[in-house]
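Okay, here's what each chain looks like letter by letter:
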Amino acid sequence: AQSVTQPDIHITVSEGASLELRCNYSYGATPYLFWYVQSPGQGLQLLLKYFSGDTLVQGIKGFEAEFKRSQSSFNLRKPSVHWSDAAEYFCAVGANSGNTPLVFGKGTRLSVIA
Amino acid sequence: GAVVSQHPSWVICKSGTSVKIECRSLDFQATTMFWYRQFPKQSLMLMATSNEGSKATYEQGVEKDKFLINHASLTLSTLTVTSAHPEDSSFYICSARLSGRPQHFGDGTRLSIL
């Protein structure tokens, strides 16, 4: 069965510091991988996605993620965090065909301190 | 712009009433729509999958008589929470997908039952 693990429930970083949020997945087929961000009381915003090709994916707001098949990982990174990046981040995995739904990790809450 | 519209964005009602949430795909025909529920500080959990013109498939533990899903057309699905109680208070998010294409998410509906 497909699953997504986000090992870190809560991360606190200083503004301007680098960030890496971890995501590991288990999927039987070729996966589509996604990172979403959610601010309190808001819906999901897609940061980036990986379907195929270049394993380093660039997203919005200066985020990037790297797909590593050998490690079943899709970690999210940002070189310099801004206070406005404080939010909940969800990694998700889905199929690249058919109508199966995305499966989400439990999320990582990012706090940014001055 | 948004490709999936969800309405209402926020509803407060008394215990025992029924609440209908609409999900519309705006510029594509969704072969499948998904309904997720998100409790505070938790991840999105899939409730059900619906295909146009057929009965929804509910995830284990989700009461189909409690959460009525109608997928009347390729652009509209509705979720009705019947006889809602305080424990049904949650954030409900719909998602639409055309077969083989990525899921698009609505902005969510915050349901508060008094």
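Not measured: the values here are computed from a predicted model.

Criteria and cut-off values
Residues numbered from 1 in each chain as written. Chains lettered and ligands numbered in written order. Predicted model: local features only at pLDDT ≥ 70, side-chain atom pairs only at ≥ 80, totals over all residues. Heavy atoms only, no water. Pairing = 2+ DSSP bridges. Helix = DSSP H or I, 4+ residues; strand = E, 2+ residues; numbered from the N terminus. Axes fitted to C-alpha atoms, helices over the stretch in contact; angles between N-to-C directions. Disulfide = S-S within 2.5 Å. Polar contact = N/O pair within 3.5 Å; in protein donor to acceptor, adjacent residues only side chain to side chain. Contact = heavy atoms within 4.5 Å.

Visitor: Can you tell me about the sheet that holds strand 8 (residues 76-81) of chain B, naming the residues and giving the values?
Guide: Residues and elements named next belong to chain B. Taken together, the four strands give an open sheet; going across it, the order is 1-3-8-7, and neighbouring strands pair in antiparallel fashion. Edge positions in the sheet fall to strand 1 (4-7) and strand 7 (67-73), since each has one partner strand and no second. Adjacent strand axes in the sheet meet at a mean angle of 15°, parallel and antiparallel pairs treated alike. Two strands pair when backbone bridges link them, and strand 1 and strand 3 (residues 19-25) are joined in this way by four bridges, in the antiparallel orientation. The partner of H7 across the bridge, within strand 3, is E22.

Visitor: An account of the state of the cysteines is requested, with residue identities and associated values reported.
Guide: All names here are of chain A. Taken as a whole, this structure holds two disulfides over all chains when the rule is applied. Shown here is the disulfide that connects C23 with C91, its sulfur atoms set 2.0 Å apart. Residues C23 and C91 share a disulfide whose torsion about the S-S bond is about -65°; that sign makes it left-handed. Pair noted here: C23 is in the loop between strand 3 (19-21) and strand 4 (24-26) and C91 is in strand 10 (residues 87-95), with a separation of 68 residues, a long-range link.

Visitor: Explain unusual backbone geometry to me, and be specific about the residues and the numbers.
Guide: Following H7 of chain B, the chain continues into P8 of chain B via a peptide bond in cis, with omega recorded as 0°. Residue placement: P8 of chain B occurs in the loop between strand 1 and strand 2 (10-13). Unusually for a residue other than glycine, S72 of chain A sits at a positive phi of about 50°. Relative to the helices and strands, S72 of chain A resides in the loop between strand 8 (64-68) and strand 9 (73-78).

Visitor: Let's hear about the side chain of T32 of chain B: which residues, and what values?
Guide: Looking at the secondary structure, you find T32 of chain B in strand 4 (residues 32-38). In terms of polar contacts, T32 of chain B uses its side chain to reach the side chain of N51 of chain B, at 2.6 Å. Among residues more than four places away in sequence, those in contact with T32 of chain B are N99 of chain A together with T49, S50, N51, H71, S95, A96 and R97 of chain B.

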